[in-house]
Amino acid sequence: MRSVIDILDLNKEEINGLINTALDIIKRPKKYSKKCKGKKLATLFFEPSTRTRLSFEAAMYELGGNVLSVPGASLSSAAKGESIADTVKVVSSYADIIAMRTPKEGAAFVADKNSKIPVINAGDGGHFHPTQTLADLLTIYREKGTFENLTIGLCGDLKFGRTVHSLISAMSRYKNVKFVLISPKELKLPEYVKSTVLIPNNIPFTEVESLEDVISSLDILYMTRIQQERFDNPSEYERLKDVYILDEEKMSKAKKDTCVLHPLPRVNEISVKIDEDKRACYFKQVENGKYMRMALILYLLDKKNLQTNVNRFRDLEVVYNKYVCENPSCITRTEQELEHVFKLCEDNKYRCVYCDKEVE
Ligand code: NCD
């Protein structure tokens, strides 16, 4: 079944195709207003969400389709202990496509393996968030006209920020892209993103703690929220929560055409005074997200694509039940009947196929 769990499930040509469709939807919305007539999108959101869920639902309505939704984890059978596999098998017989968000890393992957209909990962814990990346890509394309020759600063919670992980994967496929990773040392980019995406693709990156020191070099500044819900220790969150605040003084050092992005919700990371700055693109990003989700739903429901599969292990050797994943947020920790599957990566380390955590 053709699903999107990781942004790398879509190749560059497919991303270009989605961008072209989204641009056409913006130009001629009427042409698309009945394309999904009679189709149903199920939104399974087991974690808080405003934008992503409404954006999926608005996307389906604007395509003339319908939406089935579960009001939240506490009101669904997940609260009675139903597994992701069973939930998805049931939903597959009611709907045509699923958008799913859960706090468990690898849950969307498990959903896809058990589904008869396409699954879109709308965020799995601190792991991936590919449709936010589609919103980011359309915004970068509309603002910069290219994905090449860009210095991209990612600032804030790079450890738990799933949007950051997916954006890095996507941008690593374009020429002459450099990353400046700005975070406190406690919230640095996870090892697997460096070892399986940045290093093998020879992408230059630097890790720094100060935003002021690097802001003048950036073409894109991607601010993120410190992900309170993923901290084990509340005092650690209190200590780190306001570590970066983008204000007028810092913006005065940025380039004239730096594009400031943020997946939202914003807490304190960007002063509201910046909203008026023409370099602030985060509200445009929200709108772009809806168009890209429309394009993605159309693409996945197209009969030509429905039966194509993605080689998610990318030809890596896999081993079964040799190791147990140590990541407390991995789906294998709560769904104990799942097999423990590890892939042997290019750097000779085994990583969990669900959440990408390496074997220590
Ligand atoms: C992001 C998410 O859920 O990861 N929000 C979103 O989808 N727009 C970012 C966040 O919650 O900080």
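Residues numbered from 1 in each chain as written. Predicted model: local features only at pLDDT ≥ 70, side-chain atom pairs only at ≥ 80, totals over all residues. Heavy atoms only, no water.

### A word on the overall build of the protein chain
When its secondary structure is counted, the protein chain shows 13 helices and 12 strands. Relative to the globule expectation of 21 Å for 360 residues, the C-alpha radius of gyration of the protein chain, 20 Å, shows essentially globular dimensions. Along the longest, intermediate and shortest principal axes, the C-alpha atoms of the protein chain span 55 × 55 × 40 Å. Across the 360 residues in the protein chain, those meeting the buried criterion constitute 56%. Within the protein chain, counting contacts between residues at least 6 apart in sequence, those at least 24 apart form 71% of the total. Roughly 15800 Å² of accessible area belongs to the protein chain as shown, and the carbon and sulfur atoms make up 49% of that amount. Across the protein chain, 54 positive and 51 negative side-chain charges occur, with their mean positions spaced 6 Å apart. (Helix = DSSP H or I, 4+ residues; strand = E, 2+ residues; numbered from the N terminus. Rg over C-alpha atoms; globule rule 2.2 N^0.38 Å. Buried < 20%, exposed > 50% of the residue type's maximum accessible area, 1.4 Å probe, protein only. Contact = heavy atoms within 4.5 Å. Areas by Shrake-Rupley, 256 points an atom, 1.4 Å probe, with all protein chains shown as cover. Lys, Arg positive; Asp, Glu negative; His and termini not counted. Charge placed at Lys NZ, Arg CZ, Asp CG, Glu CD.)

### Concerning the side chain of glutamine 285
On the secondary structure map, glutamine 285 appears in helix H11 (residues 282-301). Setting aside chain neighbours within four positions, we find glutamine 285 in contact with Gln132, Ala135, Asp136, Thr139, Tyr222, Leu261, His262 and Pro263.

### Structural notes on the packing of aromatic side chains
The tally for this structure, following the rule as stated, stands at nine aromatic pairs. Measuring from centroid to centroid gives 5.8 Å for tyrosine 141 and phenylalanine 147, while their planes differ by 45°, and the two rings are tilted. Judged by relative accessible area, which is 33%, tyrosine 141 ranks as partly exposed. Between tyrosine 323 and tyrosine 350 the ring centres are 5.2 Å apart and the planes differ by 45°, which places this aromatic pair in the tilted class. Of this pair, tyrosine 323 sits in the loop between strand E10 (318-320) and helix H13 (331-334) while tyrosine 350 sits in strand E12 (residues 350-352), and the two are 27 residues apart along the sequence. Of the residues examined, tyrosine 323 reaches a relative accessible area of 23% and is grouped as partly exposed. Since its relative accessible area comes to 15%, tyrosine 350 is described here as buried. Taking the ring centre of tyrosine 32 as reference, the NZ or CZ of lysine 35 above it sits at 5.7 Å. (Phe/Tyr/Trp six-rings, centres within 6.5 Å; stacked < 30°, edge-to-face > 60°. Lys NZ or Arg CZ within 6 Å of the ring centre and 35° of its normal.)

### A word on the side chain of serine 55
With respect to the helices and strands, serine 55 occurs in helix H2 (residues 51-62). Setting aside residues up to four positions removed in sequence, serine 55 forms contacts with Gly289, Lys290 and Arg293.

### Examining the environment of leucine 44
Structurally, leucine 44 can be placed in strand E1 (residues 40-45). Expressed as a C-alpha distance, the spacing of leucine 44 and isoleucine 98, which sit 54 residues apart in the sequence, is 7.2 Å. In this structure, leucine 44 is in contact with Val70, Thr87, Val91, Ile98, Ala99, Met100 and Arg101, ignoring residues within four places of it in sequence.

### Comments concerning the site of the ligand
Residues in contact with the ligand, as listed here, are Arg51, Thr52, Arg101, His129, Gln132, Arg162, Thr163, Arg225, Gln227, Pro263, Leu264 and Pro265. Within the side chain of histidine 129, an N or O atom sits 2.7 Å from an oxygen atom of the ligand. With respect to the ligand, the side chain of glutamine 227 contributes an N or O atom lying 2.8 Å from an oxygen atom. Across the complex, the protein chains shield 94% of the 320 Å² of accessible surface that the ligand would expose by itself. Elements supplying a minimum of two residues to the shell around the ligand: H2 and helix H6 (162-171). Considered class by class, the residues forming the shell around the ligand number three nonpolar, five polar and four charged. (Near = heavy atom within 4 Å. Polar contact = N/O pair within 3.5 Å; in protein donor to acceptor, adjacent residues only side chain to side chain. Nonpolar A, V, L, I, M, F, W, Y, C, P; charged D, E, K, R; others polar.)

Scope: geometric values only; no functional claims are made or implied.
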